[in-house]
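Fold and contact review
Chain by chain, the residues run as shown.
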Amino acid sequence: MLRTPADEVVDFDRQLRALVKDLTETMLNERGAGLAAPQLGVSLRVFTFDVDDVVGHLVNPVLEFPDEEEQEGPEGCLSVPGLYFDTKRRMNAVAKGFDMHGEPIQVVGTELMARCLQHETDHLDGVLFVDRLDPDTKKEAMRAIRQAEWANEPAPTVKVSPHPLFGKLR
């Protein structure tokens with residue numbers, strides 16, 4: 001599911017609000033900066049974030065970049081726990097989307113927030129941060145993933161989302 005683009009949300013209902021709650025709780029429990037619905041097995045364009053004491057969520061986000069400035073720094077992912085690699089991203093990003101009630105919202109991010117917005121939107125597009133690495137760093141990352149203590153373990157038990165699309169691909 002992590003390699004498949006997620007479906008747009010069309011119903012802003014109780015089930016979506018439950019999904020946002022689950023994403024937020026799981027992200028906070030795991031101390032992540034963000035968490036996308038596909039990471040919990042739900043193929044919907046929704047993610048949550050917790051950056052610089054700002055906790056929120058975006059539904060059906062679309063990214064814009066106000067300039068060409070870039071940053072490079074360590075990036076990790078709850079889907080590959082404990083591994084961090086320098087990843088090039090845009091320094092500034094604007095994400096436009098909706099809240100869980102269908103109201104339009106916009107999140108303007110610089111530095112870490114911009115990195116988070118890009119990382120989580122990538123998840124919704126079926127892209128992992130290791131796909132953004134330069135070739136040598138990607139080789140190092142793939143080697144580290146294969147050698148990680150969790151690499152040959154069964155998938156971790158995660159809270160099961162109540163959303164009816166849990167675990168279903170289009």
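Keep in mind the model is a prediction, meaning the values are calculated, not measured.

What counts and what doesn't
- Residues numbered from 1 in each chain as written.
- Predicted model: local features only at pLDDT ≥ 70, side-chain atom pairs only at ≥ 80, totals over all residues.
- Heavy atoms only, no water.
- Patch = residues over 30% accessible without salt bridge, like charges linked within 9 Å, V, L, I, M, F, W, Y side chains within 5 Å.
- Areas by Shrake-Rupley, 256 points an atom, 1.4 Å probe, with all protein chains shown as cover.
- Salt bridge = Lys/Arg side-chain N within 4 Å of Asp/Glu carboxyl O.
- Lys, Arg positive; Asp, Glu negative; His and termini not counted.
- Charge placed at Lys NZ, Arg CZ, Asp CG, Glu CD.
- Helix = DSSP H or I, 4+ residues; strand = E, 2+ residues; numbered from the N terminus.
- UniProt positions renumbered as here; feature names shortened; annotations may be inferred.
- Contact = heavy atoms within 4.5 Å.
- Buried < 20%, exposed > 50% of the residue type's maximum accessible area, 1.4 Å probe, protein only.
- Pairing = 2+ DSSP bridges.
- Axes fitted to C-alpha atoms, helices over the stretch in contact; angles between N-to-C directions.
- Expected span 1.5 Å × (residues − 1).

1. Re a negative patch on the surface
A contiguous patch of negative charge on the surface is contributed by Glu72, Asp86, Asp134, Asp136 and Glu140. Turning to its location among the elements, Asp86 is positioned in strand β5 (residues 80-90).

2. Let's talk about the UniProt feature "binding site: Fe cation" (unreviewed entry) in the chain
In this structure's numbering, the residues bearing the UniProt feature "binding site: Fe cation" (unreviewed entry) are Cys77, His119 and His123. These annotated residues cover 47 residues of sequence, but their C-alpha atoms sit close together, with the largest distance between any two at 10.2 Å. If you trace the backbone, Cys77 turns up in strand β4 (residues 70-77). For Cys77, the contacting residues outside a window of four places in its chain are Gln39, Leu83, His119, His123 and Phe129. Considering the arrangement of structural elements, one finds His119 in helix α2 (residues 111-124). Classification of His119 by relative accessible area gives buried; the value is 6%.

3. Regarding the UniProt feature "active site" (unreviewed entry) in the chain
Residues given the UniProt feature "active site" (unreviewed entry) here are Glu120. Take Glu120: it is sitting in helix α2. Take Glu120: its relative accessible area is 3%, and that puts it in the buried class. Excluding anything up to four places from it in sequence, Glu120 contacts Gly34, Leu35, Ala36, Gln39, Phe47 and Thr48.

4. Comments concerning the pattern of salt bridges
Between side chains of opposite charge, a pair can form when the charged atoms approach closely. Overall, the coordinates contain ten salt bridges when judged by the stated rule. Of the charged contacts in the structure, one is a salt bridge between Arg115 and Glu75, with a shortest N-O distance of 2.6 Å. On the criterion of sequence distance, the pair formed by Arg115 in helix α2 and Glu75 in strand β4 is long-range, its members being 40 residues apart. Just as Arg115 is buried, Glu75 falls in that class too. Salt-bridge contacts for Asp131 lead to Lys138; the nearest nitrogen and oxygen are separated by 3.8 Å. On the basis of relative accessibility, which here comes to 28%, the residue Asp131 falls in the partly exposed class. Judged by its relative accessible area of 30%, Lys138 is partly exposed.

5. With respect to the sheet that holds strand β2 (residues 46-51)
Picture the strands of a sheet paired through backbone hydrogen bonds; they go either parallel or antiparallel. The strand order across the open sheet built from five strands is β1-β2-β3-β6-β7, with neighbouring strands paired in antiparallel fashion. Pairing within the sheet leaves two strands with one partner each, and these edge strands are β1 (34-36) and β7 (104-110). Each strand axis lies, on average, 40° off the axis of its neighbour in the sheet, ignoring direction. Two elements, β2 and strand β3 (residues 54-64), share six bridges in a ladder whose sense is antiparallel. Paired with Val51 across the bridge in β3 is Val54. The strands that helix α1 (residues 14-30) touches are β1, β2 and β3; relative to β2, the one it contacts most, it runs at about 35°.

6. Some details on α1
Relative to the 24 Å expected for 17 residues at 1.5 Å per residue, α1 spans 24 Å between its end C-alpha atoms, a close match to the ideal helical length. The complete set of buried residues in α1 reads Leu16, Leu19, Val20, Asp22, Leu23, Thr24, Thr26 and Met27. Contact partners of the buried residues in α1: β1, β2 and β3. At the C-terminal side of α1, Arg31 shows a positive phi close to 60°.

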